[in-house]
Amino acid sequence: MKIALMDSGTGLLAAAAAMRRLRPDADLVLSSDPDGMPWGPRTPEDVTAHALAVARSAAAHRPDALIVACNTASVHALPALRAELEPEVPVIGTVPAIKPATAGGGPVAIWATPATTGSPYQRDLIERFGHGVEVTGVPCPGLADAVQAADEAAIDDAIAAAAARTPRDVRSVVLGCTHYELVAERIRAALQQPGAPALVLHGSAEAVAAQALRRIGAEPAPAAAPTGALSVILSGRPGGLPAEALTFAEGRLLAASRTDLAPGTPAERPARADGVATAARR
């Protein structure tokens, strides 16, 4: 089994780690776009062009399914990705977990990028799945960029600023950007009120990974032998996990995988001391 995941940057780590936990025997292909990120400020047409390029690089590995582990790409490029790749490769998008969050009652906050907060896409999801619950959109400027750079001080500052904009009585928070799931516990710590019930965070990684398995008729097998390999593609080039990825638990989990080569890549270099193997440049 081979599952590909795509994003502009390290936001795909959460879904990739979820898939690794569900199927330790699955080969994973991580395709991102460090040369073209961030995608958020781009026009929908530009996002679609970049997403298609990243998806084509992943599709060259002949995966059984492709997870679009990016909210921005799912909003703007999902129809184009499905038109090009399906039915040969099922394409699974990422949708903010508004439905399960509101099903548990409110108030609910949705942390998302400024471009997504208040967008027609997010408003439609709230109208469809809000169940009459009070929902507050909270823009989080700079948080995704800080996570991408693994900038600890910037992450803390961005979380603190977003927390100050979040109603104190929220019972659950939707993490509306895949990057945010990498710092979920820091978000929880910033929002949890003393004496209040435990805050519930709703990410998408686990659900997206499970949906990918359902689309290809596979079952979770968390006890399977950890034989799955890892291939990393950076703006179309074979590479390794960036150093920033290893600052997160999800990145370190994936770094333990055997590293495979992209199609047509020459011999692999020996693994570095940090355990991450890097493919030789073409």
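- Going by an unreviewed UniProt entry, the protein chain carries the name Aspartate/glutamate racemase family protein and comes from Streptomyces caniferus.

## As for the nonpolar core
Right, so step 1: Of all hydrophobic cores here, the largest spans 57 residues; its most connected members are L5, I67, W111, L143, V173, Y180 and L241.
Right, so step 2: Element by element, the count of residues in this core is highest for helix α1 (residues 13–22), at seven residues.
Right, so step 3: For V173, the contacting residues outside a window of four places in its chain are A109, W111, L191, L199, V200, L201 and H202.
Right, so step 4: Counting residues in each nonpolar core, the second largest holds 21 residues, with A51, L52, L66 and L78 among its members.

## Re the packing of helix α2 (residues 44–59) against helix α3 (residues 71–85)
Right, so step 1: Where α2 meets α3, the axes come as close as 8 Å, and the angle between the chain directions of the two elements is 50°. As far as their axial angle goes, α3 and α2 are oblique. The interaxial crossing formed by α2 with α3 has right-handed handedness. Taking contact as the criterion, the partners of P44, V47, T48, A51, L52, A55, R56 and A59 in α2 are, on α3, T72, A73, H76, A77, A80, L81, E84 and L85.

## Examining the sheet that holds strand β7 (residues 172–175)
Right, so step 1: As summarised here, the arrangement of the four strands in space is β6-β5-β7-β8, forming an open sheet in which the pairing is parallel. The sheet is open, and its two borders are formed by β6 (135–139) and β8 (200–202), each paired with just one other strand. Direction aside, the axes of adjacent strands within the sheet are offset by 25° on average.
Right, so step 2: As judged from the three bridges shared by β7 and β8, these two strands associate in the parallel manner. In the sheet register, V174 faces β8, and the bridge partner there is H202.

## What to know about the packing of α1 against helix α9 (residues 205–215)
Right, so step 1: Contact pair α1 / α9: the axes reach a minimum separation of 8 Å and the direction vectors enclose 55°. Here α1 lies oblique to α9, going by the angle between them. Here α1 and α9 pass one another in a crossing that is right-handed. Residues A14, A15, A18, M19, R21 and L22 of α1 form the contact with α9, whose participating residues are A205, E206, A209, A210, A212 and L213.
Right, so step 2: Across the contact of α1 with α9, the residue classes tally to ten nonpolar, no polar and two charged.

## Let's talk about the pairing of strand β3 (residues 65–68)
Right, so step 1: Here β3 shows a buried face lined by A65 and I67 and a second buried face lined by L66 and V68.
Right, so step 2: For strand β1 (residues 2–6) and β3, the ladder comprises four bridges, and the chain directions are parallel. Across the sheet, residue M6 finds its bridge partner in β3, namely V68.
Right, so step 3: Note: β3 against strand β4 (residues 91–92), two bridges, orientation parallel. Following the sheet pairing, I67 is matched in β4 by I92.

What counts, and where the lines are drawn
Residues numbered from 1 in each chain as written. Predicted model: local features only at pLDDT ≥ 70, side-chain atom pairs only at ≥ 80, totals over all residues. Heavy atoms only, no water. Core = buried A, V, L, I, M, F, W, Y, C linked by side-chain atoms within 4.5 Å. Buried < 20%, exposed > 50% of the residue type's maximum accessible area, 1.4 Å probe, protein only. Helix = DSSP H or I, 4+ residues; strand = E, 2+ residues; numbered from the N terminus. Contact = heavy atoms within 4.5 Å. Axes fitted to C-alpha atoms, helices over the stretch in contact; angles between N-to-C directions. Parallel < 35°, antiparallel > 145°, perpendicular 65-115°, else oblique. Left-handed = near helix turned anticlockwise from the far one by under 90°. Pairing = 2+ DSSP bridges. Nonpolar A, V, L, I, M, F, W, Y, C, P; charged D, E, K, R; others polar.

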